[in-house]
Structures are given as C-alpha cells and as structure tokens.
Amino acid sequence: MRYTFLLHYPEMTDEELGADLEEGQRAFDAYATALDQAGVLVSAEVLQPSSSTTTVAVRDGELRVQDGPFADTKEQLGGTFVVEVPDLDAALAWAQKAPSVQWGTVEVRPSATRFENGAWTR
C-alpha cells in the first residue's frame, strides 16, 4: 500500500537554524537513504518556504490567485515522502523515524488512487 508522509514543522531561515541546518540535512539524507535501501521509497521532496507559495482557487466563478500559504499556522508543510509498504503499521514504523518528528509532526496518509501509465489505479 502506498502512503505519503506529510512533514509539518515550524519554518526557520538558514540563519535561524545555524549549525543545526547541516545536522538536519545529514539526518534527512540518512533517512531517505534508509527508505531507499529498504526498497520502500517511491519519492521524496523538500519544499521551498511557504513564502514562495501561490494559492489558486475559484470562488463565485472568479479565479483567485493569492501569494503565500492559504492558512496562517505555526507549522508549514515542509516536504513529503511517498513510500510503498505492506500496511499502516509498516508506514508508522517508518514515519516515526523521520527526523522532523523531533520538532514537528508527520501526517501519514494512505493513497486512494494514483495516476500511472495514463490511467488512474487503486
């Protein structure tokens, strides 16, 4: 079964992180490598800061394009990992190893469908 780990944590600049930046990068590299070596990693992405977000919506028939994130929260979506594992227990076992659980949350969400080879599949 495919799961997406949505990594939410407080955003900080490189300057605010200081020496913790390199340590965090090493921790995420080790985590991604472990997922990859276990054969469960489908994809992983680190997102740019929420300040680079553009939100698109249609309300009352009118297109609305808004700079910045839609919700103003302390934690922002900072990255994702997509894994293919047998079940939720296996997904949770991997999610708890994500470095960001130490300072944020990891949302574990199963995929409902996916688009592959020109068609949606379950």
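Residues numbered from 1 in each chain as written. Predicted model: local features only at pLDDT ≥ 70, side-chain atom pairs only at ≥ 80, totals over all residues. Heavy atoms only, no water.

(A) Representation of the pattern of salt bridges. Counted according to the given criterion, the structure contains five salt bridges. Notably, a salt bridge pairs Arg109 with Glu107, separated by 2.4 Å at the nearest N-O pair. A salt bridge links Arg114 to Glu116; its shortest N-O distance comes to 3.2 Å. For Glu116, a relative accessible area of 32% translates into the label partly exposed. Taken together, the shared-partner salt bridges connect Arg2, Glu84, Arg114 and Glu116 into one network. (Salt bridge = Lys/Arg side-chain N within 4 Å of Asp/Glu carboxyl O. Buried < 20%, exposed > 50% of the residue type's maximum accessible area, 1.4 Å probe, protein only.)

(B) Seen up close, the pairing of strand β5 (residues 75–84). In terms of burial, β5 is largely enclosed, as seven of its ten residues are buried. Looking at chain direction, strand β1 (residues 2–10) and β5 are connected through nine bridges and run antiparallel. Note on β5: the bridge partner recorded for His8 is Leu77. Bridge count between strand β2 (residues 41–46) and β5: five bridges; the pairing is antiparallel. Residue pairing in the sheet places Ala44 in a bridge with Phe81 of β5. (Helix = DSSP H or I, 4+ residues; strand = E, 2+ residues; numbered from the N terminus. Pairing = 2+ DSSP bridges.)

(C) Structural context of the sheet that holds β1. Reading across the sheet, the four strands line up as β2-β5-β1-β6 and stay open at both edges, with antiparallel pairing between neighbours. In the strand order of this sheet, the two ends are held by β2 and β6 (105–110), each with one partner. Along the sheet, successive strands turn relative to each other by an average axial angle of 20 degrees, direction set aside. Along the sheet face, helix α2 (residues 20–37) touches β1, β2 and β5 and points at about 25 degrees away from the line of β5. (Axes fitted to C-alpha atoms, helices over the stretch in contact; angles between N-to-C directions. Contact = heavy atoms within 4.5 Å.)

(D) Up close: the pairing of β1. Most of β1 is tucked away, with seven of its nine residues classed as buried. As paired strands, β1 and β6 are joined by six bridges and run antiparallel to one another. Within β6, the residue paired with Leu6 across the bridge is Glu107.

(E) The arrangement of the confidence of the model for the chain in detail. In the predicted model, the chain carries a mean pLDDT of 88, and 96% of its residues have values of at least 70. No element of the chain has a lower mean pLDDT than helix α1 (residues 14–17), which averages 75, and none a higher one than helix α3 (residues 88–95), which averages 96. (pLDDT = per-residue confidence, 0-100.)

(F) Structural detail: α2. Compared with an ideal rise of 1.5 Å per residue, which puts 18 residues at 26 Å, α2 spans 25 Å between its outermost C-alpha atoms and is within 8% of the ideal. Among all positions in α2, only Gly24, Phe28, Tyr31, Ala32 and Leu35 are buried. Looking straight down α2, one finds its buried side chains confined to an arc of 95 degrees; they lie on one side. α2 presents Glu22, Glu23, Arg26, Asp29 and Gln37 as exposed residues on the side facing more than 90 degrees away from its buried surface. Close packing links the buried residues of α2 with β1, β2, β5 and α3. Gly39 lies just past α2 and shows a positive phi near 80 degrees. (Expected span 1.5 Å × (residues − 1). Arc of directions from axis to C-beta.)

(G) Here's a closer look at the packing of aromatic side chains. Scanning all chains against the criterion turns up four aromatic pairs. Plain terms: the ring middles of Tyr9 and Trp103 are 6.3 Å apart, the flat faces sit at 70 degrees to each other, and that makes the pair edge-to-face. Highlighted residues: Tyr9 in strand β1 and Trp103 in the loop between α3 and β6, separated in sequence by 94 residues. Under the relative-accessibility criterion, Tyr9 is labelled buried at 17%. According to the relative accessible area criterion, Trp103 is partly exposed, its value standing at 41%. Considering the side-chain rings of Phe115 and Trp120, the 5.3 Å spacing of their centres and the 65 degrees angle between planes classify their relative orientation as edge-to-face. For Trp120, a relative accessible area of 62% translates into the label exposed. Ring pairing ties together the aromatic residues Tyr9, Phe28 and Trp103, which thus form one cluster. For the cation-ring pair, Lys97 lies above Trp94, with the distance from its terminal atom to the ring centre recorded as 4.8 Å. (Phe/Tyr/Trp six-rings, centres within 6.5 Å; stacked < 30°, edge-to-face > 60°. Lys NZ or Arg CZ within 6 Å of the ring centre and 35° of its normal.)

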